[in-house]
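This is what each chain is made of:
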Amino acid sequence: QVELVESGGGLVQAGGSLRLSCAASGRTFTFSIYGMGWFRQAPGKEREFIAAITPSSGGTYYQDSLKGRFTISRENAKNTVYLQMNSLKPEDTAVYYCAAQFRSDPRSPSEYAYWGQGTQVTVSS
């Protein structure tokens, strides 16, 4: 019913920027009423919360260590959520995932009903 497709990942040098996109689709999916989130997972590590945004786009949540470098936004008319990443560091290298429909705690992966397949981000020194 719901598909999430991430794009925009790739190879970038330290200090550079990338913008990730997540396009949502589905016959019964009403994008504008779903909270959306971004997570990442590096090899051997747990999935890590990055940011989340409420349906109205009026409220955002961030991992404290990333706030200021990463910015989440959404464009409901295009069923798309974005993650702008600036001043990238080698330790940002991971697979980045978008997720849909958090319930009570946007920082917990278990709160989300739908996940994309992920896009690889690699930051070289």
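Everything discussed here concerns the structure shown above.
Here we summarise the structure given alongside this text. (Residues numbered from 1 in each chain as written. Predicted model: local features only at pLDDT ≥ 70, side-chain atom pairs only at ≥ 80, totals over all residues. Heavy atoms only, no water.)

Section: the sheet that holds strand S3 (residues 18-25)
Strand order in the open sheet made by the four strands is S1-S3-S8-S7, with antiparallel pairing throughout. In the strand order of this sheet, the two ends are held by strand S1 (3-7) and strand S7 (70-75), each with one partner. Going across the sheet, the axis of each strand differs from the next one's by a mean of 15°, ignoring polarity. Bridge analysis of S1 against S3 gives five bridges, and the strand direction is antiparallel. Paired with Val5 across the bridge in S3 is Ala23. (Pairing = 2+ DSSP bridges. Helix = DSSP H or I, 4+ residues; strand = E, 2+ residues; numbered from the N terminus. Axes fitted to C-alpha atoms, helices over the stretch in contact; angles between N-to-C directions.)

What about the state of the cysteines?
With the rule as written, the count across this model stands at one disulfide. Here Cys22 is linked by a disulfide to Cys98, with a sulfur-sulfur distance of 1.9 Å. For the disulfide bridge between Cys22 and Cys98, the dihedral angle about the S-S bond is near 50°, and by the sign convention the bridge is right-handed. One end of the pair, Cys22, is in strand S3; the other, Cys98, is in strand S9 (residues 94-100), with 76 residues separating them in the sequence. Judged by relative accessible area, Cys98 falls into the buried class, the value being 0%. (Disulfide = S-S within 2.5 Å. Buried < 20%, exposed > 50% of the residue type's maximum accessible area, 1.4 Å probe, protein only.)

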